[in-house]
Amino acid sequence: IGTLRKEHPELEGVGFVKIDTEGYERVIVPALRDFFIEKRPVAFVSLHPMYISHSDVQGVVDVLKSTFPYLYEVDMRTPFMTNRAAYTYGDHGGADVLCTWEPVDRWF
């Protein structure tokens, strides 16, 4: 991540991050944790249980939960349940989570 930031200084002003990496969220989300805390962007993360195990998906969710104070479903109103038996309910066979630093009701 440090090298990427040096090569792309425009990342220092990031306000939104979308992660839709077909299972590699298990690697990318933990690697970006310090960046998220420092820069505080809103993040939209797609979870792909069809490519990684439930425990890997849960690990991603746990990192998001420990990083961002607010997690929401894609409707941007419903709190995201962070301890599910499965994350396979979305239209892509997985789940999406919106991660924010303040309640989204302040946005509307």
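Details of the structure are given in the entry above.
Quick summary incoming for the structure in this document. In every chain, residue numbers begin from 1 and rise along the written sequence. Given that the model is predicted, a residue must reach a pLDDT of at least 70 before its local features are reported, and side-chain atom pairs must reach 80 or more before they are shown or counted; all residues, however, enter totals for whole chains, interfaces and linings. Heavy atoms throughout the structure, all of them, feed into the side-chain values; hydrogens and water do not.

## Overview of the overall build of the protein
Alright, step 1. From N to C terminus, the protein includes 3 helices and 4 strands.
Alright, step 2. Ordering the α and β elements of the protein from the N terminus gives α-β-α-β-α-β-β.
Alright, step 3. By the compact-globule yardstick of 13 Å for 108 residues, the protein fits well, its C-alpha radius of gyration being 14 Å.
Alright, step 4. Referenced to the eigenvectors of the C-alpha coordinate spread, the extents of the protein come out at roughly 40 × 35 × 20 Å.
Alright, step 5. Exposed residues in this analysis have more than 50% of their type's maximum accessible area, buried residues have under 20%, and partly exposed residues fall in between, with area computed by a 1.4 Å probe over protein chains only. Expressed as a percentage of the 108 residues in the protein, the buried residues total 40%.
Alright, step 6. In the protein, 67% of the contacts between residues at least 6 apart in sequence involve partners at least 24 apart.
Alright, step 7. Here the protein has roughly 6,200 Å² of accessible surface; of this, 54% comes from carbon and sulfur atoms.
Alright, step 8. The charged-residue count follows a simple rule in which Lys and Arg add positive charge and Asp and Glu add negative charge, with His and chain termini not counted at all. By convention, the point assigned to a charge is CZ for Arg, NZ for Lys, CD for Glu and CG for Asp. One finds the centroid of the 11 positive side-chain charges in the protein at a distance of 6 Å from the centroid of its 16 negative side-chain charges. In this description a helix means any DSSP run of H or I spanning at least four residues, a strand means any run of E spanning at least two, and both kinds are numbered starting from the N terminus. Atoms considered for the radius of gyration are the C-alpha atoms alone. The globule rule reads 2.2 Å times the number of residues to the power 0.38. Here, two residues are considered to be in contact whenever any of their heavy atoms come within 4.5 Å of each other. Only the protein chains shown count as cover for residues, with accessible areas throughout obtained via the Shrake-Rupley method and a probe of 1.4 Å.

## Brief notes about helix 3 (residues 54–67)
Alright, step 1. Expected helix span is computed as 1.5 Å times (number of residues minus one). Between its terminal C-alpha atoms helix 3 stretches 20 Å, which fits the 20 Å expected from 14 residues at 1.5 Å a residue.
Alright, step 2. All buried positions along helix 3 are accounted for by Val57, Gln58, Val60, Val61, Val63, Leu64 and Thr67.
Alright, step 3. Buried positions along helix 3 lie against helix 2 (25–39), strand 2 (42–47), strand 3 (70–72) and strand 4 (95–100).

## Considering the sheet that holds strand 4
Backbone-to-backbone hydrogen bonds join strands into a sheet, with any given pair of strands oriented parallel or antiparallel.
Alright, step 1. Strand order in the open sheet formed by 4 strands is 1-2-4-3, with mixed pairing between adjacent strands. Of all strands in the sheet, those bounded by a partner on one side alone are strand 1 (16–19) and strand 3. Recorded for the sheet is a direction-independent mean angle of 20° between the axes of neighbouring strands.
Alright, step 2. Two strands pair if DSSP finds at least two bridges between them. Relative to strand 2, strand 1 runs parallel, the two being bridged by 4 bridges. Each bridged residue has a counterpart across the sheet, and for Val17 the counterpart in strand 2 is Ala43.
Alright, step 3. Between N-to-C directions, angles span 0 to 180 degrees; the directions come from axes that are lines fitted to C-alpha atoms, helices contributing only their stretch in contact. Packing of helix 3 onto the sheet brings it into contact with strand 2, strand 3 and strand 4, and relative to strand 2 it is tilted by some 170°.

## So, the environment of Glu102
Alright, step 1. Mapped onto the fold, Glu102 is located in the segment after strand 4.
Alright, step 2. A residue is classified by how much of its surface remains accessible, and Glu102, at 35% relative accessible area, is partly exposed.
Alright, step 3. Along the sequence, Glu102 and Phe68 sit 34 residues apart, while their C-alpha atoms lie 8.9 Å from each other.
Alright, step 4. Not counting the four nearest positions on each side in its chain, Glu102 is found in contact with Tyr70 and Trp107.

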